[in-house]
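Structure assessment
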Amino acid sequence: MTEMAISRFRRTFRARALALLIAATIGAVSNAAAADRSIVVASTTSTQDSGFFDYILPIVKERTGITVKVIAQGTGQALDTGRRGDADVVFVHAKAAELQFLAEGEALKRYPVMYNDFVLIGPKADPAGVKGLKDIRQALASIKDKKAAFISRGDRSGTHMAELALWKDSGVDIEQTKGPWYESIGQGMGAALNVASASEAYVLSDRATWVNFRNKGDLEILVEHDKRLFNQYGIMLVNPEKHPTVKKILGQEFIDYLISPVGQQDIAHYKVDGQQLFYPDANDPNA
Amino acid sequence: MPDHTSAFHLLLTGDPALFSIVGLSLAITLTAAVVASFIGMPLGALVALTRFRGRQFVIVVMNALMGLPPVIVGLAVYLSLSRSGPLGSWGLLFTPSAMVIAQTILVTPIIAALTRQTIEDLWLEYRDEFSAMHVGAFRRIATLLWDGRFSLVTALLAGFGRAAAEVGSIIIVGGNIEGFTRTMTTAIALETSKGNLSLAVGLGVILMGIVVLVSAFAWGVRRAGERFAG
Amino acid sequence: MSANTDNSDLPIEFSGVDIDVGELKVLRQISISIEPGAPTVLIGPNGSGKTTFLRVAMGLTAPSKGRVMWCGHSQSPPVRRAIVFQRPVMLRRSAFGNLHYALASAGVPRSARRRRANELLSLVDLAGLGDRPARRLSGGEQQRLAIARALAREPHVLLLDEPTASLDPAATKSIEELVRSVSASGVKVVMATHDLGEARRLAGDIVLLHRGTIVERAAVDQFFNSPATKEAQAFLAGELLL
């Protein structure tokens, strides 16, 4: 049987070599094709779910010739992808985390781009009685007092971090006081809305994803337009000195487009159901 | 793809985005199944036909690996292919190649284990006759592979089915990038999270259709095998 | 010992052969010489070691003790001898396919295979069934095909393990005729059977096995008319138990 063993072994090695060759070839070919003018942008699921990229990327391609490949994750994950050097640009909406990223030297500069706003979604029946309140802090305190069902994204995303900040602002120590009424699902905005819709619960969502969402059920916007609900987007080029494979020229071109007057106008023109979803503010020094 | 059109409408009007998604799914899954066969079949035959220390252990491991959780494979491949990982210089993360690699890893144990079973069963049947007819080693292997071809094709189709159905690994290593690494399963995951449930369901039906077709084909192959070879 | 380059495997000589399977002694102290000539038929109760004997004679099973020699050589590749197992396994192909396979393994050149396959099919009376999947043939047909496969290598010795065990009388008769004609063409047949009538019809000499030893060996007429040993007498009376 040893002759058979040896011949089998040789065949196995040849087979593995062939397999690696095929994989590498596919890789080389697809990379070569895309290596022309493409970048990887790590962004958030909320931004993707809002349809923003479906709208803007073809425009980007037209104006700059750059093919943008978006990896959509939670903010925390997106920044980690940048830290690993697996993305060229990070585009998220959690200023504190972005500044931290900057402080670590993972990027050299942060550019504000645009903002959208959060809205408090809840069931028409409104068990916590928050509809029409002007102050989000009151609404949240009421939800906690009434122990009304609330869905949290729980995924280190910008939305999640904004939610946590708002609880804090409302004087609620959510870690201590949360109970079965507070469900942390660890998923994206769309998933959170699905769960809220199915269980008639409150949820904090960005307006863009809400407007785009197709499964609203009995939910509606109950609280909006509080300045505390504004959601700022920042964009950063991953530091090419730390990660030499980053496509710094193309990445910077993409950033430059978004903050240019043309880009800012393109952003403002994105509308769903007649509603503008994103407000450009690259020129705002405080953004 | 437009958000609120049903998948069937897109299918009928030949929406290019839908077709590219279906095409990519098939390309990745087929490639993975073929590569997995190149690796798994000789491996399975080798284990079936040779005696070595720890053989039973290897067989147990092979069978256990059939149930490898896709997300774990996805994570492992992701960490390996990441720029800060050992194979980062290949630059394969977030490309279809990474998805092929992940699915190949998932499918190879299935093909190897099923091949081993087929070849070993056939070997036990044929062994005496091989000895009696004084058949040489190479010839024996070739005969086992050829006479077992219907079962081996079934193994390949089983591997294909497994790859076609999974999403956990390819969504991690591929990134679900529109136009590049979005397949039927990852698109379903995305559209569900966007609340486009009717589109997600439609895509699901198309996917199920393909899986059912493959199963029917596998059944047909078995029947043909029984008819031709008895 | 050198490899066999002579033109024959005969005589096949067992010297003090033991076959142990774990604790069980399947064959013990078998010493016998199988010479060319009329068929040698092995008989004996179930479990007496007939199948093992044939396997050893073929060279498939090595003796635990003692040795086997083919024409004076202790090593002989099974080129000039062939065996048909009790339940022969057909390859998953047509009858022709099986024969082609056996012919190829025997080194018959491709150009000659078709003709030889047809000859063999006719020899075993299966002409016309060449394209049928072999596993779909009846029991008797498969048995005949197995014999044809064995004959593909033009053996000098043909070992048969209970070839008619599971066959009806008509199939049995056709197999027996085949064995007769094969033997008449000069092939030494060594056959195990549980059918005493068949043994009497076909044998030149009889070997009675009981519990792994050779109890008696005699020319066929002598064995049946005046068995020498107690066991032989008991066996012929149907009273020899395991």
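Just above, that's the structure.
Presented here is a report on the structure given in the accompanying data block. (Residues numbered from 1 in each chain as written. Chains lettered and ligands numbered in written order. Predicted model: local features only at pLDDT ≥ 70, side-chain atom pairs only at ≥ 80, totals over all residues. Heavy atoms only, no water.)

**So, the overall build of chain A**
Counting secondary structure elements, chain A contains 12 helices and 12 strands. The buried share of chain A, taken over its 287 residues, is 56%. A sequence separation of at least 24 residues applies to 74% of the contacts in chain A between residues at least 6 apart. Within the structure as shown, chain A displays about 12,300 Å² of accessible surface, and the carbon and sulfur contribution to it stands at 55%. (Helix = DSSP H or I, 4+ residues; strand = E, 2+ residues; numbered from the N terminus. Buried < 20%, exposed > 50% of the residue type's maximum accessible area, 1.4 Å probe, protein only. Contact = heavy atoms within 4.5 Å. Areas by Shrake-Rupley, 256 points an atom, 1.4 Å probe, with all protein chains shown as cover.)

**As for the packing of aromatic side chains**
In the structure shown here, the tally under the stated rule is 20 aromatic pairs over all chains. Taking the centre distance of 4.8 Å and the plane angle of 55 degrees together, the rings of Phe-52 of chain A and Phe-278 of chain A count as tilted. In this pair, Phe-52 of chain A sits in helix H3 (residues 52–64) while Phe-278 of chain A sits in the loop between strand S11 (275–276) and strand S12 (279–280), placing the two residues 226 residues apart along the sequence. There is no split in this pair, since Phe-52 of chain A and Phe-278 of chain A are both buried. One aromatic cluster is present, built from ring pairs that chain together Phe-52, Phe-53, Tyr-55, Phe-91, Tyr-233, Tyr-270 and Phe-278 of chain A. Between Arg-139 of chain B and the ring centre of Tyr-101 of chain C, over which it is positioned, the NZ or CZ distance is 4.6 Å. (Phe/Tyr/Trp six-rings, centres within 6.5 Å; stacked < 30°, edge-to-face > 60°. Lys NZ or Arg CZ within 6 Å of the ring centre and 35° of its normal.)

**Some words on the sheet that holds strand S1 (residues 12–21) of chain C**
All names here are of chain C. The sheet built from 3 strands is open, its strands ordered S2-S1-S4 with antiparallel pairing. The open sheet has two free edges, formed respectively by strand S2 (24–34) and strand S4 (65–70), since each of these has just one partner strand. Taking each pair of neighbouring strands and ignoring which way they run, the sheet shows an average axis angle of 20 degrees. Bridge count for S1 against S2 is 7 bridges, and the pairing is antiparallel. Bridge pairing in S2 places Phe-14 opposite Ile-32. (Pairing = 2+ DSSP bridges. Axes fitted to C-alpha atoms, helices over the stretch in contact; angles between N-to-C directions.)

**With respect to unusual backbone geometry**
Residues and elements named next belong to chain C. Here the bond from Leu-10 into Pro-11 is cis, since omega is 0 degrees, no more than 30 degrees from zero. Mapped onto the elements of the fold, Pro-11 is located in the segment before S1. Its identity as a non-glycine residue notwithstanding, Cys-71 has a phi of 50 degrees, on the positive side. Mapped onto the elements, Cys-71 comes out in the loop between S4 and strand S5 (81–84). Judged by relative accessible area, Cys-71 falls into the partly exposed class, the value being 23%.

**Topic: the pairing of strand S3 (residues 40–43) of chain C**
All names here are of chain C. What you see with S3 is no split at all: Thr-40 and Leu-42 on one side and Val-41 and Ile-43 on the other are buried throughout. The pairing of S3 with strand S7 (residues 188–192) spans 3 bridges and is classified as parallel. Bridging from a neighbouring strand, Leu-42 pairs with Ala-192 of S7. As defined by bridge partners, S3 adjoins strand S8 (residues 205–210) across 4 bridges and the pair is classed as parallel. Counted as the bridge partner of Val-41 is Ile-206 from S8.

**Here's the deal with the nonpolar core**
Residues Phe-52, Val-68, Phe-91, Ile-235, Phe-254 and Phe-278 of chain A are the most contacted members of the largest nonpolar core, which totals 64 residues. Residues contacting Phe-91 of chain A, with those up to four places away along its chain left out, are Val-41, Ala-42, Ser-43, Thr-44, Phe-52, Phe-53, Val-113, Met-114, Tyr-233, Gly-234, Ile-235 and Leu-258 of chain A. Counting residues in hydrophobic clusters, the runner-up holds 52 residues, among them Leu-144 of chain B together with Leu-99, Val-124 and Leu-167 of chain C. (Core = buried A, V, L, I, M, F, W, Y, C linked by side-chain atoms within 4.5 Å.)

**Here's the deal with a positive patch on the surface**
Together, Arg-223 and Arg-227 of chain B together with Arg-132 and Arg-136 of chain C make up a region of like positive charge exposed at the surface. Turning to its location among the elements, Arg-136 of chain C is positioned in the loop between helix H3 (110–123) and helix H4 (139–151). (Patch = residues over 30% accessible without salt bridge, like charges linked within 9 Å, V, L, I, M, F, W, Y side chains within 5 Å. Salt bridge = Lys/Arg side-chain N within 4 Å of Asp/Glu carboxyl O. Lys, Arg positive; Asp, Glu negative; His and termini not counted. Charge placed at Lys NZ, Arg CZ, Asp CG, Glu CD.)

**Description of helix H4 (residues 70–81) of chain B**
Helical periodicity: at 3.6 residues per turn, an α-helix aligns residues three or four positions apart in one direction. An ideal rise of 1.5 Å per residue puts 16 Å on 12 residues; H4 of chain B measures up with 16 Å between its terminal C-alpha atoms. Along H4 of chain B, the residues classified as buried are Pro-70, Val-73, Gly-74, Val-77, Tyr-78 and Leu-81 of chain B. Buried residues along H4 of chain B cover an arc of 130 degrees about the axis, so they all sit on one side. Each element contacted by the buried residues of H4 of chain B is listed here: strand S2 (67–73) and helix H4 (75–83) of chain A together with helix H5 (96–132), helix H7 (149–165) and helix H8 (168–174) of chain B. (Expected span 1.5 Å × (residues − 1). Arc of directions from axis to C-beta.)

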